[in-house]
Amino acid sequence: MNRILTGVQSTGTPHIGNILGAILPAIELSNDSNTESFFFIADMHSLTQIKDDTTIRENTYSVAATWLACGLDVDKVIFYRQSDIPQVCELSWYLSCFFQYNRLKLAHSFKDKSDRLEDVNAGLFTYPILMASDILLYSANYVPVGKDQVQHIQITRDIASKFNTLLGETFTIPKVKLNTSTMIIPGVDGEKMSKSRGNTIDIFTDDTSLKKQIMNIKTNSTPFEESKDPDTCNVFKIYSSIANEEDILAMRNNYLNGNYGYGSSKKELLDLILIKFKDIREKYNYYINDKVLLDELLYKGSEKAKVIANSKLAMVRSKLGFK
Ligand code: TYM
């Protein structure tokens, strides 16, 4: 039996990068009968960026509604809120004593965020350790994520190996699970799509705002009649991560043949998103309007997760000589 685990921070409504890069691939894996799945809302991680209780709570609901709208089946998946199982913080402290400060300084995601964000707090720096704790507490074998999280999984593997070497076999060494066609979805400015960059496409917004986001995708100024390079175009890249092969090929040919403008490819992308995510958008609206149900589902999930967390933590404490 494989165990997969992944989380999404509650820093905002999940964007199309989160959905295509992690949420949908993870749900697909969870449908395999030989897989046990743990999907959670990383609300404690979101505290590195958000300090307002109402915002964190509302974002948590919107991440939960997204998972459910995308097809998460609570009978197959242990679905929980990270902060409901504070055991993860205790483990995080232990793990932090098994990883070199100097190596943490090299984490890409910290460097990237600390260059852009005003609030560069200690939590942002030790973020990968809490993430290692999320994974190791539940003995996950595979972690489906987008490419930006790969280094964090490597850090997790290194911490687990060091602990195992020094104190005996304790942690499962997890492997990253990447979906090559969706592992980096570009944002409207061509950089990686990310909430903290403000370059997202939000499928849960109204049609007018969605259209505006798509029309804002940055393109070059090649004239309408001329042939265009699909492989360097953000519209084409996003379209390719959603469309089927035949439609991707048709758009590629349109680019290469010329007499086809970016306005047309943006329109095709918008139409595709409206069709492809119609159901998910409707279900999202259903779930986000039933917070009692969301709380109930997350509570039930956390009760199951807690049993596993407590048992792992007891084992770790015993290895460390803490009874
Ligand atoms: P977060 O909330 O930033 O993103 C959630 C998931 O979405 C993926 N993702 C993307 N994939 C493709 N293209 C993009 N533009 C894009 N943007 C985001 C991310 O790679 C991620 O898989 N640290 C994590 C949350 C976390 C976690 C964990 C994940 C906390 N503990 C344990 C796995 C296991 C994060 O910030 O994800």
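Each residue is numbered by its place in its chain's sequence as written, counting from 1. Predicted model: local features are reported for residues with pLDDT of at least 70 only, side-chain atom pairs are reported and counted for 80 or more only, and whole-chain, interface and lining totals are derived from all residues. Excluding hydrogens and water, the side-chain values take into account all heavy atoms of the structure.

To continue, consider the site of the ligand. Proximity is defined per residue: any heavy atom of the residue falling within 4 Å of a molecule or strand makes that residue near it. Contacts to the ligand come from 29 residues, most closely from Tyr127, Asp134, Gly146, Asp148 and Ile185. Two N or O atoms count as a polar contact when they lie within 3.5 Å, although within protein this holds only if one can serve as hydrogen donor and the other as acceptor, and sequence-adjacent residues are included solely when both atoms are side-chain atoms. Between the ligand and Gln9 there is a distance of 2.8 Å, counted from an oxygen atom to a side-chain nitrogen or oxygen. At a separation of 2.7 Å, a nitrogen atom of the ligand approaches a polar side-chain atom of Asp134. In short, Shrake-Rupley with a 1.4 Å probe defines the accessible areas, and a residue's cover is counted only from the protein chains shown. Against a free-state accessible area of 710 Å², the protein chains account for coverage of 97% of the ligand. Spatially, the ligand is embedded in the largest pocket. Cavities and pockets are defined on a 1 Å grid built over the protein atoms alone: a cavity is a set of grid points where a 1.4 Å probe fits but cannot escape, while a pocket is an open set with protein on both sides within 12 Å along at least five of seven lines, and lining residues are those with an atom within 4 Å of any such point. Assignment to a cavity or pocket requires that more than half of a molecule's atoms be within 2 Å of the site's grid points.

This part covers the pairing of strand β3 (residues 77-81). Here β3 lies mainly inside the structure; five of its five residues are buried. Taking every second residue as pointing to the same face, both faces of β3 are buried, with Val77, Phe79 and Arg81 on one and Ile78 and Tyr80 on the other. When DSSP locates at least two bridges between a pair of strands, those strands are taken to pair. The way it works is that DSSP assigns letters per residue, a run of H or I at least four long becomes a helix, a run of E at least two long becomes a strand, and they are numbered from the N terminus. Looking at chain direction, strand β2 (residues 35-42) and β3 are connected through five bridges and run parallel. Each bridged residue has a counterpart across the sheet, and for Phe39 the counterpart in β3 is Phe79. Only protein chains enter the area calculation, which uses a 1.4 Å probe; residues under 20% of their type maximum are buried, those over 50% are exposed, and those in between are partly exposed.

Quick look at the pattern of salt bridges now. Note that side chains of opposite charge can pair when their charged atoms are close. Any carboxyl oxygen of Asp or Glu within 4 Å of a side-chain nitrogen of Lys or Arg constitutes a salt bridge here. All told, the structure shown has 17 salt bridges when counted by the stated rule. For the salt bridge of Asp119 with Lys51, the shortest nitrogen-to-oxygen distance reads 3.1 Å. A residue pair is termed long-range when its members are at least 10 positions apart, and Asp119 in the loop between α6 (108-116) and α7 (122-137) and Lys51 in the loop between α2 (43-46) and α3 (53-69) qualify at 68 residues. A salt bridge links Arg81 to Asp295, with the nearest nitrogen and oxygen atoms 3.3 Å apart. On the criterion of sequence distance, the pair formed by Arg81 in strand β3 and Asp295 in helix α14 (residues 291-320) is long-range, its members being 214 residues apart. Of the residues examined, Arg81 reaches a relative accessible area of 14% and is grouped as buried. Look at Asp295 and you get partly exposed, because its relative accessible area is 28%.

Here the focus is the environment of Ala250. Along the chain, the position of Ala250 falls in helix α11 (residues 245-257). What makes Ala250 partly exposed here is its relative accessible area of 40%. In this structure, the C-alpha to C-alpha distance between Ala250 and Ile173, residues 77 residues apart in sequence, is 43 Å.

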